[in-house]
Amino acid sequence: MADGLGFPAPGARSRTMATRRLLGGYGAPPVERSGTRRYAEVWARLCKAVLTTPGHAELALREQLFAWVERDARSGDAAIDELPPALHVLVRKGSRNAYTITDEDIAALRGAGWHEGAVFELLVVLGCAAGSTRYAIAMAALEGATA
């Protein structure tokens, strides 16, 4: 996504600092003692907006994409047939290894008639779904390990 939007890739020092912030929560633990997420309400509103705000990509397609990423993260091999074939490469890369998405992948979708705004929206859905699902899986593992 960073390449597609023209953002520079972070260096090793930046990645280390970001990792410390993510894991350390800027000096506060990322999980409160009660087990709830610090930013759960904000994240829920963001995901809801991503899935329900009208745009270039159909709302039903965004929901299908989000659900597919959740299934794929949990099984590692979710059937992708319900999604449009033109999206298969982007969806698999975005769900599993987003850093491998190239300009050529975006150009292929544009060449297949996909609006640039729709492609961007689907990339945002991929990021939101992948982040949400992986966070939920990690939290479940942590809660299971401490229980």
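These numbers come from a predicted model, not from an experiment.

### Thoughts on the pattern of salt bridges
Under the definition given, this model contains four salt bridges. Across the pair E121 and R62 runs a salt bridge, and its minimum N-O distance is 3.6 Å. With a gap of 59 residues between them, E121 in helix α7 (residues 116-146) and R62 in helix α4 (residues 59-75) connect regions that are remote in the sequence. The burial state of E121 is the same as that of R62; both residues are buried. The shortest N-O distance in the salt bridge between D72 and R96 comes to 2.6 Å. With a gap of 24 residues between them, D72 in helix α4 and R96 in helix α5 (residues 88-96) connect regions that are remote in the sequence.

### Some thoughts on the side chain of D105
With respect to the secondary-structure elements, D105 resides in helix α6 (residues 103-111). Sequence-distant contacts of D105, defined by excluding residues within four places in its chain, comprise V89, K93 and T100.

### Side note on the environment of T100
Secondary-structure assignment places T100 in the loop between α5 and α6. Overall, the relative accessible area of 26% leaves T100 in the partly exposed class. Those residues in contact with T100 that sit more than four places away from it in its chain are K93 and D105.

### Concerning α5
Of all the positions in α5, only L90, V91, G94 and S95 are classed as buried. Projected onto a plane normal to the axis of α5, the buried residues spread over an arc of 120° and lie on a single side.

### Observations regarding the confidence of the model for the protein chain
Here the protein chain shows a mean pLDDT of 79. Residues at 70 or above account for 73%. Scored below 50 in pLDDT, residues 25-35 shows 17 contacts in the model against residues more than four places distant or in partner chains.

Rules of the game
Just so you know, the residues in each chain are numbered from 1, in the order the chain's sequence is written. Only residues with pLDDT of 70 or above have their local features reported here, since the model is predicted, and side-chain atom pairs are shown and tallied only from 80 upward, although totals for entire chains, interfaces and linings are computed over all residues. Note that the side-chain values use all heavy atoms of the structure and ignore hydrogens as well as water. Criterion for a salt bridge: a side-chain nitrogen of Lys or Arg within 4 Å of a carboxyl oxygen of Asp or Glu. Only DSSP runs of H or I with at least four residues qualify as helices, and only runs of E with at least two residues qualify as strands; both kinds are numbered from the N terminus onward. Relative accessibility thresholds used throughout: buried, under 20% of the residue-type maximum; exposed, over 50%; partly exposed, between the two (1.4 Å probe, protein chains only). Contacts: residue pairs with any heavy atoms within 4.5 Å of one another. Summarising the geometry, the arc corresponds to the directions from the helix axis toward the C-beta atoms. Per-residue confidence from the prediction method is given by pLDDT, with values spanning 0 to 100.

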